[in-house]
Amino acid sequence: MTKKIRFTKMHGCGNDYIYINMIENEIADPQAAAIAWSDRHKGIGSDGLVLIDKSLVPETDFSMRIFNADGSEAMMCGNASRCIGKFLFERGLTDKTEIRLLTLSGIKTLSLHVEDGIVESVTVDMLEPVFENEEQFIPSRGLAQGTFVSMGNPHYVIFTDNVDQVGETGRILEYHPAFPQRCNIEFARVENDGIIRTRVWERGSGITQACGTGACATAVAAFVTGRADRQSQIVMDGGTLNIELCESDHHVYMTGPAEFVFDGEVEIDKS
């Protein structure tokens, strides 16, 4: 026996996910679904699966779970959180333009920038970056010189003229012994006027068009190493995100677009 699940495909700067409204649906095995549906030849095609649900925490409005294309569960995704804001507002699940979203890396506040009923962009309060985390990063000899930044999930930012090494080197560094939980790897080249060209190897997904937490980590790493000021434009393969490191609260604020791609139905086994 099978049943049909409605889904929505969305992307933020090319970072594309399959979104399921769990208020109306039930998926028994999201890890298996993420693997099957993310396949770009035999499935829907995506960087992973995002589940949107009500939150059991009173001070939040909704919750998010995200599963990478390999089935592993992620702590947070900046691009996905922006898409969730657009989804919730434009699909009539909320009329709020400020949404508190529960994630595995904490509560994120989404500020929606709305014009004529359309969410044109979303600013996400990504909270404070963390530079030392023994569970996620163990300094190691032989590791390419870079900056570790946790944005709720681990990132290692390497400044280099050769950002196109992302496929060859990122694949290796994701599993480096320095990263007990594996790691997202960014290769960044600082250009001018606060513009930083960045390519991303995402833990569990490989090369992606963009990574919201990766853009934040890159901006933070550029600031703390004296390569950029508090505001940066992070130019990735799929688009540009604006990142601000706020001096007053030390939080990182990410602003960027979110787009619908299409809606559809997929069959799953009821048993």
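Preceding this section is the structure that the text describes.
Because the structure is a prediction, the values reported are computed rather than measured.

Asker: When you look at the layout of surface pockets in this model, what are you seeing that I'm missing?
Answerer: Approximately 200 Å³ is the volume found for the largest pocket. Taken together, eleven residues form the lining of the largest pocket, with I27, A28, D29, I268 and D269 sitting closest to its centre. Elements with a minimum of two residues in the lining of the largest pocket: α1 (30–38) and β17 (259–269). In this structure, the second largest pocket occupies an estimated 170 Å³ of space. Elements that contribute at least two residues to the lining of the second largest pocket include exactly β1 (2–12) and β2 (15–21).

Asker: What is the right way to read the pattern of salt bridges from this model?
Answerer: Pairs may arise between side chains of opposite charge once their charged atoms sit close together. One pass over the structure, following the stated rule, counts 15 salt bridges. Here D61 makes a salt bridge to K96, at a shortest N to O gap of 2.6 Å. With D61 in the loop between β3 (48–54) and β4 (62–68) and K96 in the loop between α2 (78–90) and β6 (98–103), this pair connects stretches of sequence that are 35 residues apart. Take D61: its relative accessible area is 24%, and that puts it in the partly exposed class. The exposure class assigned to K96 is partly exposed, which follows from its relative accessible area of 39%. Ionic pairing is found between R199 and D164, a salt bridge with its closest N-O pair at 3.1 Å. Here R199 is found in strand β12 (residues 195–202), whereas its partner D164 is found in the loop between β10 (154–159) and α3 (166–173), with 35 residues between them in sequence. Judged by relative accessible area, which is 17%, R199 ranks as buried. Judged by its relative accessible area of 55%, D164 is exposed. A network of salt bridges, in which partner residues are shared, links K9, D16, R40 and D47.

Reading the values: the criteria
Residues numbered from 1 in each chain as written. Predicted model: local features only at pLDDT ≥ 70, side-chain atom pairs only at ≥ 80, totals over all residues. Heavy atoms only, no water. 1 Å grid on protein atoms, 1.4 Å probe; cavity = no way out; pocket = protein on both sides within 12 Å on 5 of 7 lines; lining within 4 Å. Points joined across faces, edges and corners; volume = space filled by probe spheres on them. Helix = DSSP H or I, 4+ residues; strand = E, 2+ residues; numbered from the N terminus. Salt bridge = Lys/Arg side-chain N within 4 Å of Asp/Glu carboxyl O. Buried < 20%, exposed > 50% of the residue type's maximum accessible area, 1.4 Å probe, protein only.

Purely geometric numbers; function is a separate question.
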